[in-house]
Amino acid sequence: MKNYEKVKLRDIASFTFGFHTSKIESQGIIYLQARNFNENGSYLNNVDKYIELNENKDDVLLKDGDVLFVGKGMRFFAYTYKQEIGEAVASSIFYIIKTNREALLPEYLACILNHSKSHNYFNSIGAGSSIPSIRKSELADFEINLPSLQVQHKIVEMYDLHNKEIQLLEQLKEKKQVRFNQLINEITK
């Protein structure tokens with residue numbers, strides 16, 4: 001007996017596209033681009049593009065819990081926006097997904113979208129062009145297993161711990177490489 005139901009994303013979420021602009025500023029509202037995230041969809045805090053918004057600000061500003069999903073390019077990933085990074089707008093490379101939070105946690109959706117099985121799916125439907133892209137209808141048809149909110153919370157907690165462990169291992173690897181280089185430099189003086 002399964003403890004989840006299989007649903008199409010369109011049945012529990014809505015989709016819009018990110019904001020397109022060529023008017024970039026040196027300060028203002030954060031303009032999020034794919035380069036502001038690592039391959040796992042973690043925010044890198046390396047923003048160097050900003051925009052000014054005068055009118056219709058609320059229409060394009062991200063809301064806490066919006067899921068950004070890269071729909072074009074060589075790597076697909078998802079990120080759950082948190083207001084703590086500051087007021088932000090997503091560039092047009094992103095789909096902005098708003099979930100029905102009574103059924104689907106945004107963080108759970110990002111976890112599922114970042115899974116290798118999902119990447120394989122998106123790579124297969126985006127194949128055949130020089131720059132792979134996912135159509136809105138293809139994203140809407142994406143099926144996910146939807147367990148209870150309690151189980152979703154537990155999966156998100158595990159996912160967060162897994163990502164923290166990966167970050168710590170990367171830091172350890174970098175420190176070991178620096179130490180090894182120092183040792184070799186001392187020996188070869």
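No experiment lies behind these values; they were computed from the predicted model shown.

Participant: Got a minute to help me understand the overall build of the chain in this structure?
Facilitator: Counting its regular elements, the chain contains 5 helices and 9 strands. Seen in sequence order, the chain has helices and strands lined up from the N terminus as β-β-β-β-α-β-β-β-β-α-α-α-β-α. C-alpha extents for the chain along the principal axes are approximately 65 × 55 × 35 Å. In the chain, which comprises 189 residues, the share counted as buried stands at 39%.

Participant: It is not clear to me how unusual backbone geometry should be interpreted in this structure. Could you clarify?
Facilitator: Working note: non-glycine residues mostly have negative phi, and peptide bonds are mostly trans. Positive phi, close to 55 degrees, is recorded for Asn-45, a residue that is not glycine. With respect to the helices and strands, the residue Asn-45 is situated in the loop between β3 (29–32) and β4 (50–51). Since its relative accessible area comes to 61%, Asn-45 is described here as exposed.

Participant: When you look at the pattern of salt bridges in this model, what are you seeing that I'm missing?
Facilitator: Once the charged atoms of two side chains with opposite charge are near each other, the side chains can pair. Under the definition given, this model contains 6 salt bridges. Between Asp-141 and Lys-8 there is a salt bridge, with the nearest N and O atoms lying 3.9 Å from each other. Taken together, the residues Asp-141 in the loop between α4 (136–140) and β9 (143–147) and Lys-8 in strand β1 (residues 4–8) connect sequence positions 133 residues apart. A relative accessible area of 30% means that Asp-141 is categorised as partly exposed. Asp-48 serves as the salt-bridge partner of Arg-35, at 3.5 Å between the closest nitrogen and oxygen. Of this pair, Arg-35 sits in the loop between β3 and β4 while Asp-48 sits in the loop between β3 and β4, placing them 13 residues apart in sequence. Residue Asp-48 is classed as partly exposed on the basis of its relative accessible area of 46%.

Participant: I would appreciate a short explanation of the side chain of Gln-33 in the present structure.
Facilitator: Inspection of the secondary structure assignment puts Gln-33 in the loop between β3 and β4. A polar contact is formed between the side chain of Gln-33 and the side chain of Arg-35, at a distance of 3.0 Å. Sequence-distant contacts of Gln-33, that is, excluding residues within four places in its chain, are made with Lys-49, Ser-91 and Phe-94.

Participant: I keep staring at the sheet that holds β4 and nothing clicks. Help me out?
Facilitator: Sheet strands pair via backbone hydrogen bonds, and the direction of the pair is either parallel or antiparallel. Strand order in the open sheet made by the 3 strands is β4-β3-β7, with mixed pairing throughout. Every interior strand has two partners, whereas the edge strands, β4 and β7 (88–90), have only one. Summarising the sheet, β3 and β4 pair through 2 bridges and their orientation is antiparallel. The partner of Ile-29 across the bridge, within β4, is Ile-51.

Participant: What's the story with a nonpolar patch on the surface in this structure? I'm lost.
Facilitator: Where nonpolar side chains cluster on the molecular surface, the patch consists of Phe-180, Leu-183, Ile-184 and Ile-187 and spans about 370 Å² of accessible area. Given the relative accessible area of 47%, Phe-180 is considered partly exposed.

Participant: How do you make sense of the packing of helix α2 (residues 106–113) against helix α5 (residues 149–187) when you look at a structure like this?
Facilitator: The geometry of a pair of packed helices is captured by two quantities: the angle between their axes and the separation between those axes. Orientation of α2 relative to α5, taken along the N-to-C sense of each, is 55 degrees, at an axis distance of 9 Å. With respect to α5, the element α2 is oriented oblique. Handedness of the crossing formed by α2 with α5: left-handed. Seen from α2, the contacting residues are Glu-107, Tyr-108 and Cys-111; seen from α5, they are Gln-152, Ile-155, Val-156 and Tyr-159. The residue inventory of the contact of α2 with α5, partitioned by class, reads 5 nonpolar, 1 polar and 1 charged.

The rules behind these values
Residues numbered from 1 in each chain as written. Predicted model: local features only at pLDDT ≥ 70, side-chain atom pairs only at ≥ 80, totals over all residues. Heavy atoms only, no water. Helix = DSSP H or I, 4+ residues; strand = E, 2+ residues; numbered from the N terminus. Buried < 20%, exposed > 50% of the residue type's maximum accessible area, 1.4 Å probe, protein only. Salt bridge = Lys/Arg side-chain N within 4 Å of Asp/Glu carboxyl O. Polar contact = N/O pair within 3.5 Å; in protein donor to acceptor, adjacent residues only side chain to side chain. Contact = heavy atoms within 4.5 Å. Pairing = 2+ DSSP bridges. Patch = residues over 30% accessible without salt bridge, like charges linked within 9 Å, V, L, I, M, F, W, Y side chains within 5 Å. Areas by Shrake-Rupley, 256 points an atom, 1.4 Å probe, with all protein chains shown as cover. Axes fitted to C-alpha atoms, helices over the stretch in contact; angles between N-to-C directions. Parallel < 35°, antiparallel > 145°, perpendicular 65-115°, else oblique. Left-handed = near helix turned anticlockwise from the far one by under 90°. Nonpolar A, V, L, I, M, F, W, Y, C, P; charged D, E, K, R; others polar.

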